[in-house]
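# Summary of structural features
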Amino acid sequence: MGDYLRSYLSEQLQDHFENYDPECVRVSLWNGDVSIKGLRIKPDSVSLSARTVLHIEGGQIDELRLQVPWSQLHKGNVQLSANGIHLNLRLSNFDDLEA
């Protein structure tokens, strides 16, 4: 099950992170914990909005953590937390916003 989860995450995350490595994923299925450390955000892989003055040129997430309450999944909350978010932002050219 852990290998399946690593494979699924790889498919979902590789388009958004430069250095995604399935071996960096720590899975504790019985505890409902999934942790990924040291992700570098690909430039232009995340969009804030089509008409924003800020663009994400890259960045890093130190740790992305998913907690799934398996024993109470029907009434519990799945939690996603990100620690140490560092973003490289650039201001748009205001002429680009008018187009």
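Structure: above.
Residues numbered from 1 in each chain as written. Predicted model: local features only at pLDDT ≥ 70, side-chain atom pairs only at ≥ 80, totals over all residues. Heavy atoms only, no water.

## Here's the deal with the pattern of salt bridges
Applying the stated criterion across every chain yields a total of three salt bridges. Of the charged contacts in the structure, one is a salt bridge between E18 and R40, with a shortest N-O distance of 3.4 Å. One end of the pair, E18, is in the loop between α1 (2-13) and β1 (25-28); the other, R40, is in strand β2 (residues 33-41), with 22 residues separating them in the sequence. Here D33 makes a salt bridge to R65, at a shortest N to O gap of 2.8 Å. Here the residue D33 occupies a position in strand β2, and R65 occupies one in strand β3 (residues 54-67), the gap between them amounting to 32 residues. (Salt bridge = Lys/Arg side-chain N within 4 Å of Asp/Glu carboxyl O. Helix = DSSP H or I, 4+ residues; strand = E, 2+ residues; numbered from the N terminus.)

## Notes on the side chain of E63
Note on placement: E63 falls in strand β3. K37 is the oppositely charged side chain nearest to the buried, salt-bridge-free E63, at an N-O distance of 4.6 Å. In this structure the side chain of E63 is engaged in a polar contact, spanning 2.8 Å, whose partner is the side chain of S35. Among all residues touching E63, those that are not within four sequence positions of it are S35, I36, K37, S81, A82 and N83. (Buried < 20%, exposed > 50% of the residue type's maximum accessible area, 1.4 Å probe, protein only. Lys, Arg positive; Asp, Glu negative; His and termini not counted. Polar contact = N/O pair within 3.5 Å; in protein donor to acceptor, adjacent residues only side chain to side chain. Contact = heavy atoms within 4.5 Å.)

## Section: a nonpolar patch on the surface
A contiguous nonpolar patch, built from V53, L54, I85, L87, L89 and L91 and spanning about 500 Å² of accessible area, is present on the exposed surface. With four residues, strand β4 (residues 79-91) is the single largest residue contributor to the nonpolar patch. The topology assignment puts L54 in strand β3. (Patch = residues over 30% accessible without salt bridge, like charges linked within 9 Å, V, L, I, M, F, W, Y side chains within 5 Å. Areas by Shrake-Rupley, 256 points an atom, 1.4 Å probe, with all protein chains shown as cover.)

## Here we look at the pairing of β1
Pairing of β1 with β2 involves four bridges; the strand directions are antiparallel. Bridge pairing links R26 to S35 in β2. Counting the residues between successive antiparallel strands, the hairpin from β1 to β2 contains four residues, one of them, G32, with a positive phi of roughly 75 degrees. (Pairing = 2+ DSSP bridges.)

## Considering the environment of D44
Here D44 lies in the loop between β2 and β3. Sequence spacing of D44 and I56 is twelve residues, and the spatial spacing of their C-alpha atoms is 6.1 Å.

## Here's the deal with α1
With twelve residues, α1 ought to run about 16 Å at 1.5 Å a step, and its terminal C-alpha atoms sit 16 Å apart, in line with that. When we look at burial in α1, the residues that qualify are G2, L9, S10 and L13. Viewed along the axis of α1, the buried residues span an arc of 105 degrees, placing them on a single side of the element. Residues D3 and Y4 are exposed on α1 and point more than 90 degrees away from its buried face. Those residues of α1 hidden inside the fold are in contact with β1 and β2. (Expected span 1.5 Å × (residues − 1). Arc of directions from axis to C-beta.)

## A few points about the sheet that holds β1
Read across the sheet, four strands follow the order β1-β2-β3-β4 without closing on themselves; strand pairing throughout is antiparallel. A single partner strand is all that each edge strand has here, and the edge strands are β1 and β4. Neighbour-to-neighbour, the strand axes of this sheet turn through a mean angle of 15 degrees, independent of strand direction. Here β2 runs beside β3; their pairing, made up of eight bridges, is antiparallel. Note on β3: the bridge partner recorded for D33 is Q67. Against the sheet, α1 makes contact with β1 and β2, and its axis sits at roughly 140 degrees relative to β1, the strand it touches most. (Axes fitted to C-alpha atoms, helices over the stretch in contact; angles between N-to-C directions.)

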